[in-house]
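These are the residues of each chain, in order.
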Amino acid sequence: MDASLVQASSKLVSVEGIARKFPGLTVFEDVWFHVAPGEFVCLVGHSGCGKTTILNILAGLDTPSEGAVLVGGREIEGPSLDRAVIFQGHALMPWLTAAENVAFAVSCRHRDWPKHRVQDAARAALKRVGLDAAADRKPAQLSGGMKQRVGIARALAIEPKLMLMDEPFSALDALTRGSLQEEVSRLVTEAGQTAFMITHDVDEAILLADRILLMTNGPRARIAEVVVNTLPRPRERANLHHMTGYHPLRDHIMDFLITRSRTLAGNPPPGYDPRNPPTVRPAG
Amino acid sequence: MSAPVPFWRAALLSLALLAALLLGWEMAVKSGASSGPTVDPELAALLSPEAARGGQTAMPAPSQIGARLVELLADPFHQRGTNDQGIGIQIAYSLWRVAAGFGLAMLIAIPLGFVIGMSPLLNAALNPFIQVLRPVSPLAWMPLALYTIKDSSISSIFVIFICSVWPMLLNTAFGVASVRKEWLNVARTLQAGTWRTAFRVILPAAAPTILTGMRISIGIAWLVIVAAEMLVGGTGIGYWVWNQWNNLSIADIVIAILMIGLVGLALDRLLGLVARAVAWAE
């Protein structure tokens, strides 16, 4: 009881019993979790368990059938500039250059800023993701990885309290994905950015996350476990698999995805409390 | 597919075809009544002295048309009374009517199409009206326009308006309705607001589709203006064609056809340039 009171004071985001129900179908229900300030939380689960819906609800683009989401102690009503989204398919506007795409976001954030100040901020954001040389190119002239970098710059540029990422690297090839993951890891650590990300790439979750939420399959999906990632930072892809504790951590998540995500679906074990799913520390 | 054809080869073939056509035409006309259709003597007498003598058909040879063209283009903007105005003046009248009707249609169709595209309810509610009115020949509106507006020139502008409004309306609605949801979601998460979303996201996203509608509209408008001016008379290239028919100057009619084609091409190319400016590639 005391522990949860301490927790309550350090919650930036608090998801309280959200569900998505259609007549005759409950996709997920009783989903409770929180994100502390400066924390990186990953949600891992198979397709169809409602991960993207949960992210859209956090973004304010969708509303839950039950329950509520609190940000900074207040229930959210629709989208907000405090919660930036990095979309799965970059979602850049193809008629604008990279800089203009970012500037559009900046001008939405700072409506009173003069044009040159908006442009400077946009270029600064592109520089942070290493794209200042390609600022004047249209998305069609950028590679997939560069487009997603622009998407990241656009989200960073509005200085959100919470960064939401919906499988941001799933459309990229393995090499590009790797370098972008490290980039995001660096940017988020530098800025102390709070982030929530959906992924089904286990190594990506281990590299980036402080806590990994494991979701069972649908229908009636729930958060089955919360895995605390105790691997020390900074983590690098190159030596991640040499770190002590990496293998137990990875094995635990893989075991969950392969068997328990299925056996636990709609069938919680005795003593399961949806408000406090069991916390595990496989890495020791 | 084979390798692309060099420009000069296509141009050379085009010129050769044109030369063959003109030469064949010239020969057919000059070879006289024996090969051409015989002309009613009274009509032939009206047409030209040569035709009356039976030495030639009513159809003018390209050389005669060419000479007449030079004559007309030497002073295209002369105004000697209501029935003798230069071909440039007539084309300018037609262009002005098309511009007025088309501009008016744009002012109505693009905002209305925007609203229809954004609202599935309005789309469903207005669809029956659009579907019934769209296939109506614009000229069928002419009597109604003349009766209500009473001014023949404004009536022809109205006819241009009514024929160019539909493609623009439908294309705008379609373009707006099919804007990618992800771009709208970006605007929503950035709290861009209605106007900013409309002008900075939806309009540029739908612009290529809207421009396609405008190009179809201007083509139809230019087709219809000739017919409308034949009906209402007074001024314009359509009236001029009809007038030359009454004068039985076939050469002038051929020239008018050529001019109508060239102006239509120019209008289409003009909008093509605008379309290129707003086009985007993924």
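Computed from a prediction, not measured in an experiment: that's the story for all the values here.

Colleague: Residue-level account of the overall build of chain A, with values.
Modeller: Scanning chain A for helices and strands turns up nine helices and eleven strands. In summary, chain A has a C-alpha radius of gyration of 19 Å against a globular reference of 19 Å for 284 residues, a match within 12%. Taken along its principal axes, the extent of the C-alpha atoms in chain A is 60 × 45 × 40 Å. When the 284 residues of chain A are sorted by exposure, 55% land in the buried category.

Colleague: Please provide a residue-by-residue account of the side chain of Ser 185 of chain A, values included.
Modeller: In this fold, Ser 185 of chain A is placed in helix α6 (residues 174-191). For Ser 185 of chain A, the residues in contact, after removing those within four places along its chain, are Leu 208 and Arg 233 of chain A.

Colleague: Which residues make up helix α9 (residues 181-189) of chain B, and what values do they have?
Modeller: All of the buried residues in α9 of chain B are Trp 183, Asn 185, Val 186, Ala 187 and Thr 189 of chain B. In this fold, the buried residues of α9 of chain B make contact with β6 (83-86) and α5 (144-157) of chain A together with α10 (194-232) of chain B. Among the residues trailing α9 of chain B, Gln 191 of chain B stands out with phi positive, at a value near 50°.

Colleague: Give a detailed account of unusual backbone geometry, specifying residues and quantitative values.
Modeller: Only a minority of non-glycine residues have a phi that is not negative, and only a minority of peptide bonds are not trans. Following Gly 218 of chain A, the chain continues to Pro 219 of chain A via a peptide bond in cis, the omega torsion being -10°. With respect to the helices and strands, Pro 219 of chain A occurs in the loop between β9 (211-215) and β10 (223-228). Its identity is not glycine, yet Lys 150 of chain B carries a phi of approximately 70°, on the positive side. Even without a glycine there, the phi angle at Gln 191 of chain B is positive, about 50°. For Gln 191 of chain B, the location among the structural elements is in the loop between α9 and α10.

Colleague: Just give me the short version of the domain arrangement of chain A, but keep the residues and values in it.
Modeller: One widely used convention gives an interface's size as the accessible area the parts lose upon coming together. Residue and element names in this part refer to chain A. Examined at the domain level, chain A breaks down into domain 1 (3-53 + 161-280) and domain 2 (83-159). Taking only C-alpha atoms, the centre of domain 1 and the centre of domain 2 are 27 Å apart. Carbon and sulfur atoms make up 60% of the surface buried where domain 1 meets domain 2, a total of about 1,500 Å² over both sides. Looking only at domain 1, the three residues that lose the most surface to domain 2 are Met 163, Leu 164 and Leu 187, adding up to 31% of its buried area. Counting every contact that joins domain 1 to domain 2 gives one salt bridge. Across the salt bridge formed by Arg 149 and Glu 183, the nearest N and O atoms sit 3.2 Å from each other.

Colleague: Pulling in residues and values, what's your account of helix α2 (residues 51-59) of chain A?
Modeller: All names here are of chain A. Of all nine residues in α2, seven are buried, a share of seventy percent or more. Looking only at α2, the buried set comprises Lys 51, Thr 53, Ile 54, Leu 55, Ile 57, Leu 58 and Ala 59. At the C-terminal side of α2, Gly 60 shows a positive phi close to 90°.

Colleague: How would you explain the packing of α5 of chain A against α6 of chain A if you had to name every residue and give the values?
Modeller: Residues and elements named next belong to chain A. Between α5 and α6, the least distance of the axes is 11 Å, while the angle of their chain directions is 15°. Taken together, the axes of α5 and α6 lie roughly parallel to each other. Seen along the crossing, α5 lies across α6 with a hand that is right-handed. Residues Gly 145, Gln 148, Arg 149, Ile 152 and Leu 156 of α5 form the contact with α6, whose participating residues are Thr 176, Ser 179, Leu 180, Glu 183, Val 184 and Leu 187. Grouping the amino acids of the contact of α5 with α6 by side-chain chemistry returns five nonpolar, four polar and two charged.

Criteria and cut-off values
- Residues numbered from 1 in each chain as written.
- Chains lettered and ligands numbered in written order.
- Predicted model: local features only at pLDDT ≥ 70, side-chain atom pairs only at ≥ 80, totals over all residues.
- Heavy atoms only, no water.
- Helix = DSSP H or I, 4+ residues; strand = E, 2+ residues; numbered from the N terminus.
- Rg over C-alpha atoms; globule rule 2.2 N^0.38 Å.
- Buried < 20%, exposed > 50% of the residue type's maximum accessible area, 1.4 Å probe, protein only.
- Contact = heavy atoms within 4.5 Å.
- Domains from an automatic or database assignment.
- Buried area = accessible area lost by both parts, 1.4 Å probe.
- Salt bridge = Lys/Arg side-chain N within 4 Å of Asp/Glu carboxyl O.
- Axes fitted to C-alpha atoms, helices over the stretch in contact; angles between N-to-C directions.
- Parallel < 35°, antiparallel > 145°, perpendicular 65-115°, else oblique.
- Left-handed = near helix turned anticlockwise from the far one by under 90°.
- Nonpolar A, V, L, I, M, F, W, Y, C, P; charged D, E, K, R; others polar.

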